[in-house]
Amino acid sequence: MNQFFSIVMGTGAKRTLTGKLGMAVHGCAALVALAVIYTTTIVYVDLYAMMVVFLSAMLALLFLNVSAGPKGRQDRPSVFDWCLVVASLVVGLYFLVESQRIVERITLLFPLETFDLLAASVLLVLTIEATRRTVGFGLTSVVLVFVVYNLWGHDLPGALGFREVSYNHFLDIMMFTSDGLFGVPLRVAATYAFLFVMFGTFLSKAGGAEFFYNLASAVAGRRTGGPAKIAVISSALYGTMSGSPTSDVVTTGSVTIPIMQRLGYSKPLSGSVEVAASTGGSLLPPVMGSAAFIMAEYTGIEYRDIAIAGIIPALLYFLCVYAQVHLRSQKLGLSGLSKEETPPLKGTLKNGGLFILPLVALSVALLMGYSPTFVAALATAVVLIVSAVRSSTRMGPKAIWDALAVTTLRMVSVVAACAAAGLVIGGISMTGLGGKFADLVYLLAGDTAFLALIISAILAIILGMGMPTPSAFILAAVLVGPTLLGLDFSVLQTNMFILYFAVLSAMTPPVAVAAFAASAIADAKPLEIATGAVRLAITAFIVPFAFVYGEGLLMVGDWTEIAMSCITAVIGVLLLSIAVEGYWRGQFSTMPRLGFGLAGLLFIAPSWWAVALALVCLSLAIAATPHLRLQSKGASMS
């Protein structure tokens, strides 16, 4: 019984396939990547047929590379796994052969054939099992609840009830239209999300990740709290390539966390610094992760505009983390690295400075208005060109082949999550639950926009506790997005707000997936790491409320408004950092900390009266702090 619950509740273990089977799977993964490049950048193909083939191939690779449970065989697939692989390929082949008929038929008017129902049912089961293996019980349970609700929810009384949906009707919408499984999330995963992950993989394999770490080390390594500052900078740079907080923690944290602990950082603190920095990497343009790509597809806002809007909030995020790391290090007396332990800046730029060019090319192409697909492909091509300049970074055919395979295998879990999200979105639209949920939020919040924002933030974080960020974002956007839009917030403000809290769920207790990843490296309790990370990144929970009430922080409006919003927000972030740490040129008592904290909040708030009150609070806080009061008097006398 315990083994059964372990399999059902847990995720599968990733396999390490060797020998001929490993080579075959590796080769197939590389071929999938080549097929994605071909169908997205070179030739036009029917989108439905392309997604069918893509999903079928990714499901087959998933069942080969991920076991049924945490204790499943990790050296080779079981007989059951092989059955699922065959089923994935057969179902995909059927949908591909019938794709022309499926695309041309009129949904719900032309009845589904027997083999249509059979293939769709098998694909539904395969998708749910793939979700369970890669994401776990959280998102899987949500999918199952919506399947049950769609099929039997019509018997519920009151507002939760709806017109009866037959099983044929359910499959017709879910599997044979773009409103279900093959909707926005999977479409994004099969196109430019895949290509941006490929860009990050190629840049990392060519030596870009090592260069960014060395650059961070050269710039900040010898300063106060040097190792922690290296973690902040390198995680930001790597995170904007990977778009995954957990991946960022594992990659950069394996280097930075041990160094921090060696120089006196506690185990929980070293993990917290890495988790806070890595989570912010998914919010830093130009590459903000799969959730931002889904936002662009779902809202119709150009990804370029989303990236531009995300610049100031992301910089404020890292300013907060960096400032708190600096103050904490000063308070604890933690020094930086020695000169011998840090690479010279000139040598670092000489050896790897060319790796800045792909990010420049990516940013310029986005600003020029090119599509995300073209931008990702262009940036990857620039990586290959740049890496060829030096023999030590040059990528030969084998390295390129490996990078293609690694890209596909990294996307396996993302594809499963996006497919599951599509099922939930289809269920929400089919039953009208989105409108009912909006009515519920209106009932709870009334006309109070601030309360509606708090409910939306809590929902996005709760959803993110049991599923990946892309799924959490799209579900929260479907459920609470209409409510916020009805309160006269713009589409950009609404979805950026939801995006932020969906990303922050990766480090928010009690279920903080990034903290669990860091706990194994830091040898500390995940809850302690997550709590410390939230403290370090406290600004990230406040800034979204600021930019929904004033779009200046999203670079919307005239330049005067944008400049003043930036200046006051920077001051506010620094004051909040001082308040949280209780230290600046000396330690503070409780009342001055409250004064600095209130002043920081008021500076971030987008209004002049708030700034005036902030100045009053700041003056009182300084006056109540003996060591600052004495320093200010000494400065005035001199």
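The rules behind the values
For every chain, the first residue of the written sequence is number 1, and numbering continues from 1 along that sequence. For this predicted model, a pLDDT threshold of at least 70 governs which residues receive local features, and a threshold of 80 or more governs which side-chain atom pairs are given and counted, while totals over whole chains, interfaces and linings are taken from all residues. Heavy atoms throughout the structure, all of them, feed into the side-chain values; hydrogens and water do not. Helix numbering and strand numbering both begin at the N terminus, where a helix is a DSSP run of H or I of at least 4 residues and a strand a DSSP run of E of at least 2. Note on method: radius of gyration uses C-alpha positions; expected globular size equals 2.2 Å times residues raised to 0.38. Three labels apply to residues, based on accessible area from a 1.4 Å probe with only protein chains included: buried if under 20% of the type maximum, exposed if over 50%, partly exposed otherwise in between. Two residues form a contact once any of their heavy atoms are found within 4.5 Å. Working convention for charge: Lys and Arg count positive, Asp and Glu count negative, and His plus the chain ends are omitted. Working definition for charges: the position is that of NZ of Lys, CZ of Arg, CG of Asp or CD of Glu. Only buried residues count toward a nonpolar core, which is a set of Ala, Val, Leu, Ile, Met, Phe, Trp, Tyr and Cys residues joined through side-chain atoms within 4.5 Å. Angles shown run from 0 to 180 degrees and are taken between the N-to-C directions of axes, each axis being a line fitted to C-alpha atoms and, for helices, limited to the stretch in contact. Orientation is classified from the angle alone, with under 35 degrees giving roughly parallel, over 145 giving roughly antiparallel, 65 to 115 giving roughly perpendicular, and any other angle giving oblique. Basically, the charged four are Asp, Glu, Lys and Arg, the nonpolar ten are Ala, Val, Leu, Ile, Met, Phe, Trp, Tyr, Cys and Pro, and anything else, Gly included, counts as polar. Any two rings among Phe, Tyr and Trp, with Trp reduced to its six-membered ring, count as a pair given centres within 6.5 Å; such a pair is stacked if its planes are under 30 degrees apart, edge-to-face if over 60, and tilted if neither. Known as pLDDT, the predictor's per-residue confidence is scaled from 0 to 100. Patch building starts from residues that exceed 30% relative accessible area and form no salt bridge, then joins like charges within 9 Å and nonpolar side chains (Val, Leu, Ile, Met, Phe, Trp, Tyr) within 5 Å. All accessible-area figures derive from a Shrake-Rupley calculation using a 1.4 Å probe, and residue coverage is judged against the displayed protein chains alone. Salt bridges are counted wherever a side-chain nitrogen of Lys or Arg sits within 4 Å of a carboxyl oxygen of Asp or Glu. Criterion for a disulfide: a pair of cysteine sulfur atoms within 2.5 Å. Between the first and last residue of a helix there are one fewer steps than residues, each counted as 1.5 Å, and that sum is the expected span. Under this definition, polar contacts are N or O atom pairs within 3.5 Å; protein pairs additionally need one hydrogen-donor-capable and one acceptor-capable atom, and for neighbouring residues in sequence, both atoms have to be side-chain atoms. Crossing handedness is read from the near helix: turned anticlockwise from the far helix by less than a right angle, it gives a left-handed crossing, and turned clockwise, a right-handed one.

1. Topic: the overall build of the protein chain
Moving on, step 1. The helix and strand inventory of the protein chain stands at 32 helices and zero strands.
Moving on, step 2. Relative to its length of 638 residues, the protein chain is compact, with a C-alpha radius of gyration of 25 Å against a globular reference of 26 Å.
Moving on, step 3. Counting only C-alpha atoms and orienting by the principal axes, one finds that the protein chain spans roughly 90 × 65 × 55 Å.
Moving on, step 4. When the 638 residues of the protein chain are sorted by exposure, 56% land in the buried category.
Moving on, step 5. A fraction of 78% describes how many contacts in the protein chain between residues 6 or more apart in sequence connect residues 24 or more apart.
Moving on, step 6. Once the 35 positive and 30 negative side-chain charges of the protein chain are each reduced to a mean point, those two points are 16 Å apart.

2. What to know about the nonpolar core
In a soluble, globular protein the nonpolar side chains are often hidden away together inside.
Moving on, step 1. Phe 95, Met 175, Tyr 317 and Phe 473 are the most contacted members of the largest nonpolar core, which has 203 residues in total.
Moving on, step 2. The dominant element in this core, judged by the number of residues it contributes, is helix H21 (residues 397-431), at 17 residues.
Moving on, step 3. Formed by 16 residues, the second largest nonpolar core is a distinct cluster that contains Ala 579, Phe 596, Ala 614 and Ala 621.

3. Considerations on the packing of helix H10 (residues 192-206) against helix H11 (residues 208-220)
Moving on, step 1. For the pair H10 and H11, interaxial distance at closest approach is 4 Å and the crossing angle is 70 degrees. With respect to each other, H10 and H11 are oriented roughly perpendicular. The residues of H11 that touch H10, namely those facing Leu 203, Ser 204 and Ala 206, are Gly 208, Ala 209 and Phe 212.
Moving on, step 2. Looking at the contact of H10 with H11, its residues break down into four nonpolar, two polar and no charged.

4. A few points about the packing of aromatic side chains
Moving on, step 1. Under the criterion given, the structure shown has 21 aromatic pairs.
Moving on, step 2. Their ring planes at 85 degrees and their centres at 5.2 Å tell us that Phe 497 and Phe 545 sit as a pair that is edge-to-face. With Phe 497 in helix H25 (residues 491-504) and Phe 545 in helix H28 (residues 543-549), this pair connects stretches of sequence that are 48 residues apart.
Moving on, step 3. With a relative accessible area of 1%, Phe 497 lands in the buried category.
Moving on, step 4. Residue Phe 545 is classed as buried on the basis of its relative accessible area, which comes to 16%.
Moving on, step 5. Here the aromatic residues Phe 450, Phe 497, Phe 501, Phe 541 and Phe 545 are joined through ring pairs into a cluster of three or more.

5. A look at the confidence of the model for the protein chain
Moving on, step 1. On average, the protein chain scores 87 in pLDDT, and the residues at 70 or more come to 96%.
Moving on, step 2. At the low end of the mean pLDDT range in the protein chain sits helix H1 (residues 2-9), at 50; at the high end sits helix H4 (residues 79-97), at 95.

6. Some details on a nonpolar patch on the surface
Moving on, step 1. On the surface, Val 219, Leu 345, Leu 349, Ile 356, Val 360, Val 364, Met 368, Tyr 370, Phe 374 and Leu 378 cluster together into a nonpolar patch covering about 810 Å² of accessible area.
Moving on, step 2. For the nonpolar patch, the secondary-structure elements that each account for two or more residues are helix H18 (345-352), helix H19 (356-367) and helix H20 (372-387).
Moving on, step 3. Sort the elements by how many residues they give to the nonpolar patch and H19 lands first, with three residues.
Moving on, step 4. Structurally, the position occupied by Phe 374 is in helix H20.

7. Observations concerning the state of the cysteines
Moving on, step 1. Scanning all chains against the criterion turns up zero disulfides.
Moving on, step 2. Unpaired in this structure, Cys 28 has its nearest cysteine sulfur neighbour in Cys 83, at a distance of 18 Å.
Moving on, step 3. The exposure class assigned to Cys 28 is partly exposed, which follows from its relative accessible area of 41%.
Moving on, step 4. In this structure Cys 617 is not part of a disulfide, and its nearest cysteine sulfur, from Cys 320, lies 19 Å away.

8. Description of the pattern of salt bridges
Moving on, step 1. Going through the model one piece at a time under the given rule, you end up with 15 salt bridges.
Moving on, step 2. The shortest N-O distance in the salt bridge between Glu 297 and Arg 187 comes to 3.2 Å. Of this pair, Glu 297 sits in helix H15 (residues 290-299) while Arg 187 is found in helix H9 (residues 184-189), placing the two residues 110 residues apart along the sequence.
Moving on, step 3. Residue class for Arg 187 comes out buried when judged on its relative accessible area of 17%.
Moving on, step 4. Between Lys 398 and Asp 402 there is a salt bridge, with its nearest N and O atoms 3.1 Å apart. In this pair, Lys 398 and Asp 402 are both assigned in helix H21, four residues apart and thus about one turn of the helix distant.

9. As for helix H30 (residues 590-604)
Moving on, step 1. In this model, H30 (15 residues) spans 21 Å end to end at C-alpha, consistent with the 21 Å of a helix rising 1.5 Å per residue.
Moving on, step 2. Within H30 the residues assigned to the buried category are Pro 592, Gly 595, Phe 596, Gly 597, Ala 599, Gly 600, Leu 602, Phe 603 and Ile 604.

10. Brief notes about unusual backbone geometry
Moving on, step 1. Omega for the bond connecting Pro 285 with Pro 286 falls within 30 degrees of zero, at 10 degrees, which places this linkage in the cis form.
Moving on, step 2. Here Pro 286 shows up in the loop between helix H14 (267-281) and H15.
Moving on, step 3. A positive phi angle, close to 60 degrees, is found at Asp 523, a residue other than glycine.
Moving on, step 4. Unlike most non-glycine residues, Met 555 shows phi in positive territory, near 60 degrees.
Moving on, step 5. With respect to the helices, strands and loops of the structure, Met 555 is situated in the loop between H28 and helix H29 (559-581).

11. Comments concerning the side chain of Thr 342
Moving on, step 1. Considering the arrangement of structural elements, one finds Thr 342 in the loop between helix H17 (311-332) and H18.
Moving on, step 2. At 3.3 Å, the side chain of Thr 342 forms a polar contact with the backbone oxygen of Lys 339.
Moving on, step 3. For Thr 342, the residues in contact, after removing those within four places along its chain, are Ser 217, Gly 221, Arg 222 and Leu 337.

12. Side note on the packing of helix H13 (residues 245-262) against H14
Moving on, step 1. The interhelical angle for the contact between H13 and H14, taken along N-to-C directions, is 145 degrees, at an axis separation of 9 Å. Once H13 is placed against H14, the crossing between them reads as right-handed. For the pair H13 and H14, contact is made by Pro 245, Asp 248, Val 249, Thr 252, Gly 253, Thr 256, Ile 257, Met 260 and Gln 261 and by Lys 267, Ser 270, Gly 271, Val 273, Glu 274, Val 275, Ser 278 and Thr 279, respectively.
Moving on, step 2. Its residues assigned to classes, the contact of H13 with H14 comprises six nonpolar, eight polar and three charged.

13. Section: the environment of Leu 499
Moving on, step 1. Locating Leu 499 in the fold gives a position in helix H25.
Moving on, step 2. By relative accessible area, Leu 499 is classed as buried at 1%.
Moving on, step 3. Taking the C-alpha atoms as reference, Leu 499 lies 32 Å from Ser 121; in sequence the two are 378 residues apart.
Moving on, step 4. With residues near it in sequence (within four places) discarded, Leu 499 still touches Met 288, Ala 291, Ala 292, Met 295 and Phe 473.

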